[in-house]
2 protein chains.
Amino acid sequence: MTTDEAAALGAGFGVDLDGGTPALRQMAAAVRRLTRATVRTGVDDATLREITAELDRASERLEVDMRDGPFRGDAERVKERGLPFHYNPVLGQANPYAPPVEVWVVDGEVHGTTVINEAYEGPPGYVHGGVLSLILDQTLGLANLAADVPGMTLGLSIRYLHPTPLNTHLEIRSAHEAVEGKNIRSVGSIAADGVTTVTAEGIFRAVPRAKGRRYFNNHFDR
Amino acid sequence: MTTDEAAALGAGFGVDLDGGTPALRQMAAAVRRLTRATVRTGVDDATLREITAELDRASERLEVDMRDGPFRGDAERVKERGLPFHYNPVLGQANPYAPPVEVWVVDGEVHGTTVINEAYEGPPGYVHGGVLSLILDQTLGLANLAADVPGMTLGLSIRYLHPTPLNTHLEIRSAHEAVEGKNIRSVGSIAADGVTTVTAEGIFRAVPRAKGRRYFNNHFDR
């Protein structure tokens, strides 16, 4: 990825986890619950068909008002606080696809936690490795924002040390390491029950910094 | 990951994309549609709350009969054909979380295609990089199965060359490269509009082969 590409992508960069109404977050939680139920239910096909018809009617109601482009909130807010992350596929409480991962900052390092359910299963009883790489791709990028050096991912290296169990409290860590010329390097890990199961290193192309922009908002610290 | 761990995880290894009833696949498609609608809808909060209540009632109906452990089909079928993949979070047509990615084999190489929607958005208008790493983690593993050398992922390296657009027909390729001692190496890529946007290399710990096991079933070729 070139610096120009990174700059274009990072134009509205920043983290605003706030946003999205409680109603929208509850909607996402309901769809997340349906996702898990779909991969675990044993109800008969007739019941599945009835429910499917109901869900399609629900989608039709939501689809009467669909945005054409990416939803990124109003321009003023983006300028002030960065892109809203509530639809983010890893962190977004308003995105049913996100587990979601909850994140905060301690001493400039990103800490996170999540519980991964059966919808993300790889080997029986364990989280799909690719889902862990997805989570780390996101939190490594956050670590750069926490250090105020935004970048777009160029390279991601993941090492799977042990299987990571489903339905277990996972501890996620990501830290910015260094700026090396045009690039940024960050490292991260995921642990379950005190055992590190996955480590990651990311290389990012630096995005030119917007003057006066804060890349993290307060809602992110705790 | 040790050879013992890999062997334990890979005990039922194999690819059976068949399985799951049409009713279950339609159910998953309906939940997938709801996921996209959730991240794009602009309907008001009152409507969201009404729909959320309906979805929770639907979940309750599905949850009256939920399996305790991983659903892997009956033991005989697993022994004969390998694990059913219809709940797989990348490939599974019965998993609302999966885009899904459709795969087939040409000359021993895994080919795949998918279209990624707004639920998986990273930078505005583009697929979240971690979602691409998730897809490649899966298809690199399939490439080993297609070559009849099953393994569990030890390491995954991803290079992001260019942004990958949403709602675009993506071409996925993965090929087994070599067995190196206890490990297996595979490579893969994703392209959009004829341009390679992501490349990947995976290192896998070999799983001891089950005698007489076919790791791919015919439904996979086309």
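Data block above holds the structure.
How each quantity is defined
- Residues numbered from 1 in each chain as written.
- Chains lettered and ligands numbered in written order.
- Predicted model: local features only at pLDDT ≥ 70, side-chain atom pairs only at ≥ 80, totals over all residues.
- Heavy atoms only, no water.
- Helix = DSSP H or I, 4+ residues; strand = E, 2+ residues; numbered from the N terminus.
- Contact = heavy atoms within 4.5 Å.
- Areas by Shrake-Rupley, 256 points an atom, 1.4 Å probe, with all protein chains shown as cover.
- Buried < 20%, exposed > 50% of the residue type's maximum accessible area, 1.4 Å probe, protein only.
- Pairing = 2+ DSSP bridges.
- Axes fitted to C-alpha atoms, helices over the stretch in contact; angles between N-to-C directions.
- Parallel < 35°, antiparallel > 145°, perpendicular 65-115°, else oblique.
- Left-handed = near helix turned anticlockwise from the far one by under 90°.
- Least-squares fit on C-alpha atoms with pLDDT ≥ 70 in both.
- Expected span 1.5 Å × (residues − 1).
- Arc of directions from axis to C-beta.
- Core = buried A, V, L, I, M, F, W, Y, C linked by side-chain atoms within 4.5 Å.
- Buried area = accessible area lost by both parts, 1.4 Å probe.
- Salt bridge = Lys/Arg side-chain N within 4 Å of Asp/Glu carboxyl O.
- Polar contact = N/O pair within 3.5 Å; in protein donor to acceptor, adjacent residues only side chain to side chain.
- Phe/Tyr/Trp six-rings, centres within 6.5 Å; stacked < 30°, edge-to-face > 60°.

*Asks:* Give me the lowdown on the overall build of chain A, citing residues and values where you can.
*Replies:* Within chain A, the secondary structure is distributed over 5 helices and 6 strands. For chain A, the α and β elements follow one another from N to C terminus as α-α-α-α-β-β-α-β-β-β-β. Nonlocal contacts in chain A, meaning residues at least 24 apart in sequence, comprise 67% of its contacts between residues at least 6 apart. Carbon and sulfur atoms form 49% of the exposed surface of chain A, whose accessible area is close to 8700 Å².

*Asks:* Explain the pairing of strand β5 (residues 183-192) of chain B to me, using residue names and the numbers behind them.
*Replies:* Residue and element names in this part refer to chain B. Counting buried residues along β5, 8 of its 10 residues qualify, which places the element largely inside the surrounding structure. With 10 bridges joining them, strand β4 (residues 169-180) and β5 adopt antiparallel strand pairing. Considered in β5, the bridge of Ala178 is made with Arg185. The hairpin turn running from β4 into β5, its antiparallel successor, is 2 residues long, and Gly181 in that turn takes a positive phi close to 65 degrees. By the bridge criterion, 10 bridges tie β5 to strand β6 (residues 195-206) in an arrangement that is antiparallel. Bridge assignment links Val187 to a residue of β6, and that residue is Glu201.

*Asks:* Tell me what's going on with unusual backbone geometry, and back it up with residues and numbers.
*Replies:* Pro99 of chain A connects to Pro100 of chain A through a cis peptide bond whose omega is -15 degrees. Turning to its location among the elements, Pro100 of chain A is positioned in the loop between α4 (75-81) and β1 (102-106). Here the phi dihedral of Asp107 of chain A falls at roughly 50 degrees; this positive angle occurs in a residue that is not glycine. You can see Asp107 of chain A is positioned in the loop between β1 and β2 (109-115). Among the residues examined, Asp107 of chain A registers a relative accessible area of 80% and is labelled exposed. One non-glycine residue, Asp148 of chain B, adopts positive backbone phi at about 70 degrees.

*Asks:* Quick one: what's the story with the packing of helix α2 (residues 22-40) of chain A against helix α2 (residues 22-40) of chain B, residue by residue and with numbers?
*Replies:* Where α2 of chain A contacts α2 of chain B, the two axes come as close as 10 Å, and the packing angle between them is 160 degrees. As far as their axial angle goes, α2 of chain B and α2 of chain A are roughly antiparallel. Where α2 of chain A crosses over α2 of chain B, the two elements pack in a sense that is left-handed. Facing α2 of chain A, whose interface residues are Leu24, Met27, Ala28, Val31, Leu34, Thr35 and Thr38 of chain A, α2 of chain B presents Leu24, Met27, Ala28, Val31, Leu34, Thr35 and Thr38 of chain B.

*Asks:* Break down the relation of the copies chain A and chain B for me, with residues and values.
*Replies:* With an axial shift of 0.0 Å and an RMSD of 0.0 Å, the rotation relating chain A to chain B amounts to 180 degrees. Put plainly, the chains are arranged around a two-fold axis. Within chain A, the C-alpha atom positioned nearest to the axis of rotation is that of Ser157 of chain A, 2.2 Å from it. Interface overlap between copies: 100% of the residues of chain A at the interface are likewise at the interface in chain B, consistent with a symmetric, same-surface contact.

*Asks:* Before we move on, can you summarise helix α3 (residues 45-63) of chain A with the specific residues and values?
*Replies:* Residue and element names in this part refer to chain A. With 19 residues, α3 extends 26 Å from end C-alpha to end C-alpha; this agrees with the ideal 27 Å at 1.5 Å per step. Buried within α3 we find Thr47, Leu48, Ile51, Thr52, Leu55, Ala58, Ser59 and Leu62. Summarising the axial view, the buried residues of α3 lie within an arc of 130 degrees, below the 170-degree limit, and thus occupy one face.

*Asks:* Break down the nonpolar core for me, with residues and values.
*Replies:* Counting 97 residues, the largest nonpolar core has Leu34 and Leu55 of chain A together with Leu34 and Leu55 of chain B as its most contacted members. Discounting residues that sit within four places of it in the chain, Leu55 of chain A has contacts with Leu34 of chain A together with Met27, Ala30, Val31, Leu34, Leu55 and Ala58 of chain B.

*Asks:* Mind laying out the interface of chain A and chain B, listing which residues take part and the relevant values?
*Replies:* Tallying the contact residues gives 84 residues for chain A and 84 residues for chain B. When chain A packs against chain B, close to 7500 Å² is buried across both sides, 58% of that on carbon and sulfur atoms. Our count for the contact surface shared by chain A and chain B stands at 8 salt bridges. If you look at where chain A meets chain B, you find 29 residue pairs in polar contact (both at pLDDT 80 or more). Elements with a contribution of two residues or more to the side of chain A that touches chain B: α1 (3-9), α2, α3, α5 (129-146) and β3 (151-160) of chain A.

*Asks:* If you had to explain the pairing of β6 of chain B to someone new, which residues and values would you point to?
*Replies:* All names here are of chain B. Note: strand β3 (residues 151-160) against β6, 9 bridges, orientation antiparallel. Paired with Met152 across the strands is Arg205, a residue of β6. Turn length for the β5-β6 hairpin, with the two strands adjacent in sequence and antiparallel, is 2 residues, and the turn residue Asp193 shows positive phi of about 50 degrees.

*Asks:* Account for the packing of aromatic side chains, with residues named and values stated.
*Replies:* In total, this model carries 3 aromatic pairs over all chains according to the counting rule given. Between Tyr97 of chain A and Tyr120 of chain B, the aromatic rings sit 4.1 Å apart at their centres with planes inclined by 65 degrees, giving edge-to-face as the arrangement. With Tyr97 of chain A in the loop between α4 and β1 and Tyr120 of chain B in the loop between β2 (109-115) and α5 (129-146), this pair bridges two chains. Here Tyr97 of chain A matches Tyr120 of chain B in class, with each residue buried. Ring-pair connections join several aromatic residues into one group, and the members of that group are Tyr97 and Tyr120 of chain A together with Tyr97 and Tyr120 of chain B.

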